[in-house]
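Structural description and commentary
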Amino acid sequence: REALVQHITSGHLAGAALDVFWKEPFEAEDLDQGGVTEMRSLQAQGANIVLTPHIGGVTDLARDKMARVFVDNVVTVLGLPR
């Protein structure tokens, strides 16, 4: 976290997208420990930072792929023809 803050504030890193935090789900008292308060402060200062609640991989494409992998696994386990 310290390196991320250093590189963003120095301009060596254009931005960051964070989808996983120290503790999930986090409560209000966990925000400082997980760095969320610090990242939001950088956002307020104009830093290009995106924070998502562990949903970065939840896209239509990802869900479609997960469904296909699930069906393939079931077919394999049951020994069904493809």
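Look up a bit, the structure's there.
An account of the accompanying structure is given in this report. (Residues numbered from 1 in each chain as written. Predicted model: local features only at pLDDT ≥ 70, side-chain atom pairs only at ≥ 80, totals over all residues. Heavy atoms only, no water.)

**Considering a nonpolar patch on the surface**
The grouping of Phe-70, Val-71, Val-74, Val-77, Leu-78 and Leu-80 at the surface amounts to a nonpolar patch, some 600 Å² of accessible area in total. Along the chain, Phe-70 turns up in helix α3 (residues 60-78). For Phe-70, a relative accessible area of 57% translates into the label exposed. (Patch = residues over 30% accessible without salt bridge, like charges linked within 9 Å, V, L, I, M, F, W, Y side chains within 5 Å. Areas by Shrake-Rupley, 256 points an atom, 1.4 Å probe, with all protein chains shown as cover. Salt bridge = Lys/Arg side-chain N within 4 Å of Asp/Glu carboxyl O. Helix = DSSP H or I, 4+ residues; strand = E, 2+ residues; numbered from the N terminus. Buried < 20%, exposed > 50% of the residue type's maximum accessible area, 1.4 Å probe, protein only.)

**Focus on helix α2 (residues 36-44)**
Turning to α2, its buried residues are Val-36, Met-39 and Leu-42. Seen end-on, α2 carries its buried residues on one side only, within an arc spanning 125°. The exposed set on the far side of α2, more than 90 degrees from its buried face, consists of Arg-40 and Ala-44. Each element contacted by the buried residues of α2 is listed here: α1 (2-10), β1 (15-18) and β2 (48-51). (Arc of directions from axis to C-beta. Contact = heavy atoms within 4.5 Å.)

**Here's the deal with the nonpolar core**
Val-5, Ile-8, Ala-16, Met-39, Leu-42 and Ile-49 together form the largest nonpolar core, which totals six residues. When contributions to this core are tallied by element, the ones reaching two or more residues are α1 and α2. Apart from the residues within four sequence positions on either side, Ile-49 is in contact with Ile-8, Ala-16, Met-39, Leu-42 and Gln-43. (Core = buried A, V, L, I, M, F, W, Y, C linked by side-chain atoms within 4.5 Å.)

**Details of the pattern of salt bridges**
In this structure the tally under the stated criterion is three salt bridges. Where Arg-68 meets Asp-64, a salt bridge forms, and the shortest distance between an N and an O atom there is 2.9 Å. One end of the pair is Arg-68 and the other is Asp-64, both in helix α3 and four residues apart, which spans about a single turn. What makes Arg-68 exposed here is its relative accessible area of 55%. Accessibility expressed as a relative area gives 36% for Asp-64, which makes it partly exposed. With a closest N to O distance of 3.7 Å, Arg-82 and Asp-72 form a salt bridge. Of the two residues, Arg-82 sits in the segment after α3 while Asp-72 sits in helix α3, which places them 10 residues apart along the sequence. Judged by its relative accessible area of 70%, Arg-82 is exposed. The exposure class of Asp-72 is partly exposed, given its relative accessible area of 39%.

In short, shape yes, function no, at least from these values alone.
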